[in-house]
Amino acid sequence: MLAPETSAYRNAMARLGAAVNIVTTGTLDNPIGFTASAVCSVTDSPPTVLVCLNRTSRARSAFCEGGALCVNVLTSSHQDLSNHFASPNTMAERFATGHWHTLATGAPVLHEAAASFDCKISQIVEVGTHSVIFGVVQALVSHDNAEGLVYFNRRYHSLPCHQG
């Protein structure tokens with residue numbers, strides 16, 4: 001059986017809904033960040049996440065050289081911020097929007113995020129066109145009443161927050 005064509009694979013993957021995140025590294029003085037939907041939990045002991053980053057991304061070298069990353073889970077009000085970080089804007093222009101602070105690692109944390117996972121990079125594995133970055137969570141912040149933002153079928157969708 002032959003592997004599917006790239007376009008067929010991408011079209012099928014568009015049907016896999018995913019949370020929208022801004023992944024950061026660096027410091028508040030020299031911040032680096034990009035929009036990512038390829039983020040997931042690996043294990044809870046130790047708490048570990050993975051992030052996929054295209055090898056051609058201009059942000060890649062900072063993640064490979066640095067020791068920290070922060071996954072900032074966006075809320076339903078962050079569609080513009082997601083697009084802003086996915087654009088060709090400079091890093092300074094990207095971080096001019098939002099309120100940024102730090103936790104344990106020094107990587108930029110978005111104050112308004114639904115959740116932020118501040119991580120120490122433990123491993124980077126090269127797979128095809130992407131670098132898979134593993135981060136062990138050092139600190140986290142979660143806002144229980146935040147509505148979610150997902151990307152599905154090449155569009156943003158809001159997820160309501162229901163407290164039960």
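Now for a description of the structure that goes with this document. (Residues numbered from 1 in each chain as written. Predicted model: local features only at pLDDT ≥ 70, side-chain atom pairs only at ≥ 80, totals over all residues. Heavy atoms only, no water.)

Section: unusual backbone geometry
Alright, step 1. The step from S45 to P46 runs through a cis peptide bond, and the omega angle for that step is -5°.
Alright, step 2. Along the chain, the position of P46 falls in the loop between strand 4 (39–44) and strand 5 (47–54).
Alright, step 3. In the Ramachandran plot, N153 falls in the positive-phi region, its phi being about 55° despite a non-glycine side chain.
Alright, step 4. Following the sequence through the fold, N153 ends up in the loop between strand 11 (148–152) and strand 12 (155–159). (Helix = DSSP H or I, 4+ residues; strand = E, 2+ residues; numbered from the N terminus.)

Digging into the side chain of T48
Alright, step 1. On the secondary structure map, T48 appears in strand 5.
Alright, step 2. In terms of polar contacts, T48 uses its side chain to reach the backbone carbonyl oxygen of P46, at 2.8 Å.
Alright, step 3. The residues touching T48, leaving out its near neighbours within four places in the chain, are S41, V42, T43, F134, G135 and V136. (Polar contact = N/O pair within 3.5 Å; in protein donor to acceptor, adjacent residues only side chain to side chain. Contact = heavy atoms within 4.5 Å.)

A short note on the environment of N89
Alright, step 1. Inspection of the secondary structure puts N89 in the loop between helix 3 (79–86) and helix 4 (91–95).
Alright, step 2. Contact partners of N89, with chain neighbours within four places excluded, come to R58, H84 and R94.

Some points on the sheet that holds strand 12
Alright, step 1. The sheet built from three strands is open, its strands ordered 1-11-12 with antiparallel pairing. Here the strands that pair on one side only, and so sit at the sheet edges, are strand 1 (18–19) and strand 12.
Alright, step 2. Two elements, strand 11 and strand 12, share five bridges in a ladder whose sense is antiparallel. Counterpart to Y151 in the pairing with strand 12 is Y156. (Pairing = 2+ DSSP bridges.)

Regarding the pattern of salt bridges
Alright, step 1. Summed over the entire model, instances satisfying the criterion amount to two salt bridges.
Alright, step 2. The residue E126 makes a salt bridge to R55 at a minimum N-O spacing of 2.8 Å. Here E126, found in strand 9 (residues 115–127), pairs with R55, found in the loop between strand 5 and helix 2 (60–65); they are 71 residues apart in sequence, far enough to count as distant.
Alright, step 3. Relative accessible area serves as the criterion here: at 33%, E126 is assigned to the partly exposed category.
Alright, step 4. Looking at R55, the relative accessible area reads 37%, which means it is partly exposed.
Alright, step 5. Members of the salt-bridge network, linked through shared partners, are R55, R60 and E126. (Salt bridge = Lys/Arg side-chain N within 4 Å of Asp/Glu carboxyl O. Buried < 20%, exposed > 50% of the residue type's maximum accessible area, 1.4 Å probe, protein only.)

Structural measurements only, silent on function.
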